[in-house]
Amino acid sequence: MKSAAGGAVAPVATLGNRRLKVLQPEAARSLGPAGTLGPDPLTPLTDGLQRPISYLRISLTDRCNYRCTYCMPEGGVDILPRDEILSFEEIEAIVAALTQVGVRRVRLTGGEPTVRKDLLQLVQRLGRLGLEDLSLSTNGERLGELARPLRAAGLDRLNVSLDTLSAERFRAVTRRGNLDAVLAGLDAARAAGFRHTKLNTVAMRGFNDDELGAVCRYAFERDFIPRFIELMPMAAGSLFYPGTFLPAAEIRARLQAEFGELGPSTTAALPESGAAALPGVGPARYTEVRFAGQVRRVGLISAVTEPFCDTCNRIRLSATGQLHACLAYDDAIDLRSVLRAATAAATTAATTPKDQQSRLVALARAGLQQKRPGHEFTPAGCGGPQKHMVSIGG
Ligand code: SAM
Ligand code: SF4
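This one's a predicted model, so the numbers in the text were calculated from it and none came from an experiment.

### A closer look at the sheet that holds strand β10 (residues 285-291)
Then step 1. The strand order across the open sheet built from 12 strands is β9-β10-β11-β8-β7-β6-β5-β4-β3-β12-β13-β14, with neighbouring strands paired in mixed fashion. Each edge of the sheet is formed by a strand with only one pairing partner; in this case those strands are β9 (265-266) and β14 (333-334).
Then step 2. The pairing of strand β8 (residues 225-229) with strand β11 (residues 294-301) spans three bridges and is parallel. What sits directly across from R227, in β11, is G299.
Then step 3. Relative to the sheet, helix α8 (residues 248-259) contacts β8, β10 and β11, its axis offset from that of β10 by approximately 15 degrees.

### Notes on the site of ligand 2
Then step 1. As a structural note, the neighbourhood of ligand 2 is formed by 13 residues, with C64, Y66, C68, C71 and N139 the closest of them.
Then step 2. Here the shell around ligand 2 is composed, by residue class, of six nonpolar, five polar and two charged.

### Looking at the site of ligand 1
Then step 1. Near ligand 1 lie 19 residues; those nearest to it are C71, S161, N200, M232 and G394.
Then step 2. Of all the secondary-structure elements, those providing two or more residues to the shell around ligand 1 are β5 (133-138), β7 (197-202) and α11 (389-392).

### Some remarks on the environment of D187
Then step 1. Take D187: it is sitting in helix α6 (residues 179-192).
Then step 2. In this structure D187 comes out as partly exposed when scored by C-beta crowding, with 14 C-beta atoms within 10 Å.

### Here's the deal with the nonpolar core
Then step 1. Counting residues in each nonpolar core, the largest one holds 98 residues, and the members touching the most others are L56, I94, L98, A203, I251, L335 and A364.
Then step 2. If one sorts the elements of this core by residue count, helix α2 (residues 88-99) sits on top with six residues.
Then step 3. Contacts of A203, omitting those with residues within four sequence positions, involve N208, D209, L212, F228, I229, E230, L246 and I251.

### Brief notes about helix α5 (residues 167-174)
Then step 1. What α5 keeps buried is the set F170, V173 and T174. In a view along the axis of α5, the buried residues occupy a sector of 85 degrees, so they form one face of it.
Then step 2. In this structure, the buried side of α5 is in contact with α6.

### Comments concerning the packing of helix α3 (residues 119-127) against helix α4 (residues 143-153)
Angle between the axes and distance between the axes are the two parameters that describe a pair of packed helices.
Then step 1. Interaxial distance between α3 and α4 falls to 8 Å at its minimum, and their mutual angle equals 25 degrees. One element, α3, and the other, α4, form an angle in the roughly parallel class. At the point where α3 passes α4, the crossing takes the right-handed sense. Across the interface between the two elements, L120, V123, Q124 and G127 of α3 pack against P149, L150 and A153 of α4.
Then step 2. Among the residues forming the contact of α3 with α4, the class breakdown is five nonpolar, two polar and no charged.

### A look at the pairing of β11
Then step 1. With six of eight residues buried, β11 lies mostly within the body of the structure.
Then step 2. In the sheet, β10 pairs with β11 via seven bridges, with the strands oriented antiparallel. What sits directly across from R290, in β11, is V295.
Then step 3. The hairpin formed by β10 and β11 contains two residues between the paired strands, and A292 there has a positive phi angle of roughly 50 degrees.

Parameters at a glance
- Residues numbered from 1 in each chain as written.
- Chains lettered and ligands numbered in written order.
- Predicted model: local features only at pLDDT ≥ 70, side-chain atom pairs only at ≥ 80, totals over all residues.
- Pairing = 2+ DSSP bridges.
- Helix = DSSP H or I, 4+ residues; strand = E, 2+ residues; numbered from the N terminus.
- Contact = placed C-beta atoms within 7 Å.
- Axes fitted to C-alpha atoms, helices over the stretch in contact; angles between N-to-C directions.
- Near = placed C-beta within 6 Å.
- Nonpolar A, V, L, I, M, F, W, Y, C, P; charged D, E, K, R; others polar.
- Buried ≥ 20, exposed ≤ 12 C-beta atoms within 10 Å, placed from the backbone.
- Core = buried A, V, L, I, M, F, W, Y, C linked by C-beta atoms within 7 Å.
- Arc of directions from axis to C-beta.
- Parallel < 35°, antiparallel > 145°, perpendicular 65-115°, else oblique.
- Left-handed = near helix turned anticlockwise from the far one by under 90°.

Below, the structure is given as structure tokens:
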């Protein structure tokens, strides 16, 4: 059997009644430079279960101009003091270090990343680090003005949240959002020529479950890729209403009722774009539907009922520099301490950028040995972290 990463797999870990398949150590060793593992500091990053880590999400801020009901309380969350938040130099140093050990894809997120001042500068800086893919998740409110400059600055792809096409429902779920602004932003994104754009829709019973087909059609007509997300119990389940939870099986049934028999499911994300398919890049599984005589793909991100932890390649950097091995747990590795200790030490002792990079990598590598086999989100709203999504990075 082959894993998404191409290595042999064997069931070596369990979580509850789930058996998780991970790379065999032998297979993982061959991932090292010239087939070696050894003490080489540039050995590609893997976790304790030998899952290769190649995808970093970076939260640029815990602030947001919306207050989506499932993500933030109406009054917002306690805002971090500005000096707690990583500077662009610090973010760049962390990304530069992690690209040395196999991180090839970076997604900027939050909170709402477009409210971070001088975002374009950061995109330019990260764009020079030789990443395979630099993308951004946004609520789309500011895309009308930002889409073209973001593309020009080097951003490859966009994920835009769009839970509904009804202005009234949109206002209700975001509490502050303006659907027209987001739709205009999506038009601007299309005109700006991103590699491709995905729409993220949190599917909720009694809210938008009658709109899944409409969202797909809106996306297909514009060459966007629709993706439906199961509601996740963040913030100790405080924003999770079990009655609204819509499992992936039901999302598929609704798509089938709308578009007819569904095609096979795959992790390949990009067949329509003509680019090579990218297996296992993100958490979505894609299923095929027929629309206007063509095969289209719809993504499902089903962390609760159909978890994808055995192929997890992701880590998350919070706005304060805490590296989270998993969205579902509060614990994290403090990378900011390395950077700020180096700044303090620089006045008394010589600390080269290379030393700093080595320390960042060593700390990340050691911490990731504790990455858990999986999480325990439940449809009843349990098993999540105490932290809000915006404190970890969505
Ligand atoms: N503000 C940006 C946005 O809304 O796209 C980026 C950050 S947001 C936290 C990233 C994604 O997480 C969005 O697609 C949002 O819908 C999703 N999200 C937030 N809270 C969620 C929850 N409790 N369950 C599932 N998805 C959630
Ligand atoms: Fe803001 Fe995105 Fe959370 Fe909505 S989902 S409150 S837009 S961070």
